[in-house]
Each structure stands twice: as C-alpha cells, then as structure tokens.
Amino acid sequence: MHGRGRNLVMFIVAVIAIGIVVHFFVVERGGHLGSGRPNPTVSPKTLEEQNIGGDSIGTADENATYIPGDAISPTATPTAMPEESTEPEAALPEKDTTTAKTQSYQEDGQEVPYQYGSVKDDAVIRLGFAGDICLDDTSAVMRHMRQKGSLSKVISPKLIRKMNAYDAMIINNEFSISKRGTPMAGKAYTFRSKPANVKYLKKLGVDVAGLANNHIFDYGKAAFYDTLKYLKKAGIATVGAGKNSAQAKEPAYLTVKGKKIAIVAATRAEKYVLTPQAGKNSPGVFRTYNDRQYVKAIKKAKKKADYVIVYVHWGTEYSTKLEQAQVQQAKDYINAGADAVVGAHTHCMQGIGYYKGVPIFYSLGNFWFNERTLYTTVLEINISDSGKLTAKLQPCLQSGKETKLLTKPSQVKKFVKYINGISTNGKLDKNCVVHKKK
C-alpha cells in the first residue's frame, strides 16, 4: 500500500477509535469528557397535576348493612384443582428496619429515586398504613393495570415513592396468593392472585401484610399456606393469621431506628362468619368478635415493644356509620396500651376519633380494590425521637380503577371537608395533619 493510502486508513481507524471512546464515556457511563465525575442523579420530571377528583365523590351509603361478598350464595360452585402438600413454612423472623431502605427503585426500566424527608429529621420514625388491596388476576383493577401497562399508570408515582420511603409500610392483603385451592363454598366473591403478583406489593414498598381479614382463606388451607410462603419469600412480614392460634396472635415486631414497634392485627368483619379462626393446631385468622384475646395480645405486645399499633378489620361495608362495637373496642384497645388504632375492611373511609389522647382511624377504606369512586388515603404515623406521635393523611381518590394522590388545593380542600364531616372528635387541618377537636 502506498504512503498516501496508508495514511488515509490510519486516519479512518483513529476516527473510529475516538468515536468508541466518546460513546463509552458519554452514553454507557453517563459521564463527561474531561470530567472526573459522573452526572448527578436526575429526578423524574414532575408530573402534571391532574383534576382527579372532580366534583362528584362516591358518598358512602350510611344505611348499608353489608355487600354480597359477606352473604351466603347457594350458587357458588367450587372448581376442583390438584391438591399438593399443605405444610406451612416456618414463622417469619422479626424484621429489622434499622438500616434505611435503598435510595431508589426500578419502575418501567428506569431508576426512580425516593424523595421524602430530610437529614435534619432523620430521627423521626415514619410508618405508612393503607387499607384494602386486591391483586386477584380477574379483578377490575388488575385487568385495568394490564391494559395500561404498569403499576405506575394506575397508582400515582409520587404516592408510590412516598410509600417506599416510609420506614415501614403496612397494607391489608385482601386475597390469597396461590395457584392452588378451590373457592370457599357459600361466598359470592373469592379472591386469589398468582404468586408473580407479589412483585406489585414490593413495588409499593410493603413491609407488613395484614392477613386478618375475610378473604385470606378464600381458596382453602393449601392456598393459605402458599400465601404465607410467598410473602415470606418476598421478605414481607405477615400478621393476623397463621398456621395456628399462636402464630395468628403474634404481632409483627419492627425495629426502626432503635425502637421496637408492634403491629397487632385481628378481624371481626364478617356478618356471616365463614373464614376459619386459627386453633391450637389449625390455621386461620385472629378473631376479635369478643375482644378479650385481642386485648390480652395488645397488653403482651406492650410489654415487649416501645409502641403498639392496632390494625383491625371491622365495620360495615360502604358505610361511614360506626358500629357500637368499633367505638367500644377501640377504647378497650387503648386501655390495653395501644398507641394508635387503625381500621380497614369497610371499602370506604370512616372518620377519625380520639380516646385518652390516642388517635383512632376507624377505616382507611379501599387503597386499590375496585372500580368505585371513593376517597382513600395512606395514613402516615410519625414518632419523634422524644416519643411524640403525630399523624397525617395523604389525600387520595380511588376512581376509574386507579388510585391517585390529590395535589390541587381545591381537591385537598374537598377531601379535608369530607373527612371532617364524617369524623367524631378528630379532624384534619388544611394540610391533612390530624388533630383532636377542641
């Protein structure tokens, strides 16, 4: 090859080499030529505020007694499925959340940073609580999510980030997780999720799944044991149900920033009682129709923990009217040592009360459950380093099979007015911070 041709080839090779180097540093590593540091983390673009709520909120029917899900249906026909071993997994160990959660999570193939809190209030313990969620594959919300393409399309990404940033996130797991079992005879509505759907609980930052409810045993013992197994495998603690009464009554103990917190769960939800109560050698839920055993469990937890949060499944579905049992038992729980009482089951939010200075959140309603248009929330309980407990509600709306965080002032104002209108001696201020009425 002549000198001129050789020089041309060398020039082309050099250009290609430079291009490779530039591609590596700028595209693959996200860095800058001539800079010894990577780009700063880029937060996702702030979402446009949406008018989610509108003017029409599905006001709960105060005259309702129960929905068909609690009624006996003579037409329910179980579908036979192959039975396998029903041996349960060992009990979950205590969860230690002393170390902070990771600083980001994956959503739709992108790294999303958590954006919550600040260094100066790092000593504050933040707990998140939500109501009913259903990941049954045939449910309206799951079908809708599959159509939309991802969880962040049906639940506000900003709300998901808040849930992940809590030191512990607790939610009511209103379904079994299994491929096995048959629908419970006599129930019009039974819920079962395939095991792969547990990933959605993880995306929501769930640390504890409340199982004391009227749907956890919908597909029988084998499916119930599978539920315990798959939640344990995902690193999610369970509370309120178990392979025997001892396990069902055992609180979920969380160690957060040097403090021990007990979550104690039980249920008194069914008008027609179908879900089995855990026995000495049989699986089921922890019941509290008569609250003597629940009060005993709360007292026992109080001796072991710095703080005790009661998480109870109760009330009349789709009604803001409190049952007398709710009012009386809430007092019993507080007298036993509860630092807060948090309810679920009614599918609509119920009001806020206080007893002896302790807040009672009678029901958080649906978190993401069905197609109805109803207010919902994520309850935030904060415990300062001095031991003072404060609370705030994240204003949300379940509508169109989606749950959205309300951000516009007009939406938040309507939410506050609604909650204050159904509360007893508790109230929200304009920032949704909880106070006792004077």
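Residues numbered from 1 in each chain as written. Predicted model: local features only at pLDDT ≥ 70, side-chain atom pairs only at ≥ 80, totals over all residues. Heavy atoms only, no water.

**Q** Report on the pattern of salt bridges, specifying residues and quantitative values.
**A** A full pass over the atoms with the stated rule returns 8 salt bridges. Across the salt bridge formed by E323 and K271, the nearest N and O atoms sit 2.4 Å from each other. A residue pair is termed long-range when its members are at least 10 positions apart, and E323 in the loop between β14 (307-313) and α8 (324-335) and K271 in the loop between β12 (259-267) and β13 (284-285) qualify at 52 residues. Judged by relative accessible area, which is 15%, E323 ranks as buried. K302 is paired through a salt bridge with D339; the nearest N and O atoms lie 2.9 Å apart. One end of the pair, K302, is in helix α7 (residues 292-304); the other, D339, is in the loop between α8 and β15 (340-344), and 37 residues separate them in sequence. (Salt bridge = Lys/Arg side-chain N within 4 Å of Asp/Glu carboxyl O. Helix = DSSP H or I, 4+ residues; strand = E, 2+ residues; numbered from the N terminus. Buried < 20%, exposed > 50% of the residue type's maximum accessible area, 1.4 Å probe, protein only.)

**Q** So what's going on with the environment of L254? Which residues, and what values?
**A** Structurally, L254 is set in strand β11 (residues 252-256). Residue L254 is classed as buried on the basis of its relative accessible area, which comes to 0%. As a C-alpha pair, L254 and A168 span 86 residues in sequence and 8.0 Å in three-dimensional space.

**Q** Go over the pairing of β15 with me, naming the residues and quoting the values.
**A** In terms of burial, β15 is largely enclosed, as 5 of its 5 residues are buried. Residues A340, V342 and A344 of β15 are buried on one face, and the alternating residues V341 and G343, pointing to the opposite face, are buried as well. Relative to β15, β14 runs parallel, the two being bridged by 5 bridges. Bridging across to β15, H313 finds its partner in A344. (Pairing = 2+ DSSP bridges.)

**Q** So what's going on with unusual backbone geometry? Which residues, and what values?
**A** One non-glycine residue, Y318, lies in the positive phi region at around 55°. Structurally, Y318 is set in the loop between β14 and α8. Given the relative accessible area of 7%, Y318 is considered buried. Positive phi is not limited to glycine here, since H347 has a value of about 70°.

**Q** I'd like a rundown of the environment of V358, residues and numbers included.
**A** Counting through the fold element by element, V358 comes out in strand β17 (residues 358-361). Note: C-alpha distance between V358 and N335 (23 residues apart in sequence) is 10.0 Å. Every residue in contact with V358, bar those within four places of it in the chain, is listed here: I334, A338, D339, A340 and G353. (Contact = heavy atoms within 4.5 Å.)

**Q** With reference to specific residues and values, describe the packing of aromatic side chains.
**A** Inspection of every chain in the model, using the stated rule, returns 10 aromatic pairs. Relative to Y333, the ring of W314 has its centre 6.0 Å away and its plane inclined at 25°; by these criteria the two rings are stacked. Pair noted here: W314 is in the loop between β14 and α8 and Y333 is in helix α8, with a separation of 19 residues, a long-range link. In terms of burial, W314 and Y333 fall into one category: buried. With a centroid separation of 6.2 Å and an interplanar angle of 25°, the aromatic rings of W314 and Y362 are classed as stacked. Residue W314 is located in the loop between β14 and α8, and its partner Y362 is located in the loop between β17 and β18 (366-368); the two are separated by 48 residues in the primary sequence. As far as burial versus exposure is concerned, W314 and Y362 are alike and both buried. (Phe/Tyr/Trp six-rings, centres within 6.5 Å; stacked < 30°, edge-to-face > 60°.)

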